[in-house]
Amino acid sequence: MRVGLFDSGIGGLTVLKAFLKYHPDNEYFYYGDTLNVPYGDKTIDELYGCVKNIMNYMYDKKVDIIVIACGTVSANLYDRLKKESKVPIYSVLDYVFKYLKDNNFKDTLVLATSKTIESHIFKSKLDTNVYEVACPKLVPLIEGGNFEEIESTLDEYLKDVPKIDSIVLGCTHYPIIKDLIEKKFTYPVSIIDMGEILAKELNLEDSFKKIDLYFSKKSKYLEKNVNSILK
Ligand code: DGL
């Protein structure tokens, strides 16, 4: 089965990695829109413009399904894309709310981009306590491989967070720094990787393994980043 995945950059590779774990024998077409990263600060119209190009790329590649491997696009454009898409389309948010409910989490911290937090999608779908924190500095730091600054940036974002039992990594870039986030908590907390949940839930008709990666702009960290995420 030909599966198309896309994100603003390297973040969606964490979703691809989960798909490779649960469905190793498929053809994967990945589009990282590094020319337009970050998506989290764009207007909805700008975001839609970027995504339209990517959808056309996916149709050219004759994908059977499309996976929105980006929290920002999932939170803000999924309904529209579902109506317009020529092939079935899934979002990284698809099974997350159910997962949180089934596991009875009561106090959930959502870390995500500004645009995802502004959509309040988690607050609107859950009846439990949801603390939303926008982390606009993280994606550029992750894309630029600037891991030293990430530590202090996380301290800044997490300083007012109350006691929680779960954290949703609401941006697909954040599983890359999952260990750094986990280290900031002195008590056990469940960390939820949206790509893992989606990849596990979806049934795909396996075919053969092929991975085709495309990035709209190459940076000097790109190859190193890609290799360390997919290793
Ligand atoms: N990885 C994306 C997300 O899940 C995009 C982040 C960005 O480009 O700002 O939201």
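Structure first, text after, so check above.
Quick caveat: nothing in here was measured; it's all calculated off a predicted structure.

For the rest of this paragraph, the subject is the sheet that holds strand β8 (residues 190-193). One open sheet holds the 4 strands; their spatial order is β6-β5-β7-β8, and the pairing between them is parallel. In the strand order of this sheet, the two ends are held by β6 (129-134) and β8, each with one partner. The sheet shows a mean angle of 20 degrees between the axes of neighbouring strands, taken without regard to direction. Sheet topology note: the strand β5 (residues 107-112)/β6 ladder contains 6 bridges and is parallel. Across the sheet, residue Leu-109 finds its bridge partner in β6, namely Tyr-131. Against the sheet, helix α10 (residues 194-201) engages β7 (166-169) and β8, with an angle of about 60 degrees to β8.

A few words on the pattern of salt bridges. Taken as a whole, this structure holds 11 salt bridges when the rule is applied. For Glu-27, the salt bridge goes to Arg-2, with nearest N and O atoms at 3.1 Å. With a gap of 25 residues between them, Glu-27 in strand β2 (residues 27-32) and Arg-2 in strand β1 (residues 2-7) connect regions that are remote in the sequence. Ionic pairing is found between Lys-61 and Asp-212, a salt bridge with its closest N-O pair at 3.9 Å.

Right, let's talk about the pairing of β2 for a bit. Counting buried positions over the 6 residues of β2 gives 6, a clear majority of the element. What you see with β2 is no split at all: Glu-27, Phe-29 and Tyr-31 on one side and Tyr-28, Tyr-30 and Gly-32 on the other are buried throughout. After leaving β1, the chain enters helix α1 (residues 13-22) and then returns to the sheet as β2, a path that is right-handed. Relative to strand β9 (residues 210-215), β2 runs parallel, the two sharing 6 bridges. Looking across to β9, one finds that Glu-27 is bridged to Lys-210.

About the criteria used
- Residue positions are given per chain, counted from 1 along the sequence in the order it is written.
- Where totals are concerned, whole chains, interfaces and linings use all residues; where local detail is concerned, this predicted model gives features only for residues with pLDDT of at least 70, and gives and counts side-chain atom pairs only at 80 or more.
- Side-chain metrics in this entry use all non-hydrogen atoms of the structure; hydrogen atoms and water are not considered.
- A strand pair is defined by DSSP finding two or more bridges across the two strands.
- A run of DSSP states H or I qualifies as a helix once it reaches four residues; a run of E qualifies as a strand once it reaches two. Both are numbered from the N-terminal end.
- Interaxial angle, 0 to 180 degrees, is taken between N-to-C directions of lines fitted to C-alpha atoms, where a helix line uses only the stretch in contact.
- The contact criterion used is simple: two residues touch if any of their non-hydrogen atoms lie within 4.5 Å.
- The term salt bridge refers to a pairing of a side-chain nitrogen on Lys or Arg with a carboxyl oxygen on Asp or Glu at a separation within 4 Å.
- Three exposure classes are used, based on accessible area relative to the maximum for each residue type with a 1.4 Å probe and protein chains only: buried under 20%, partly exposed in between, and exposed over 50%.
- Looking down the strands as they point away from the viewer, one classifies a crossover as right-handed if the path from the first strand across the helix to the second runs clockwise.

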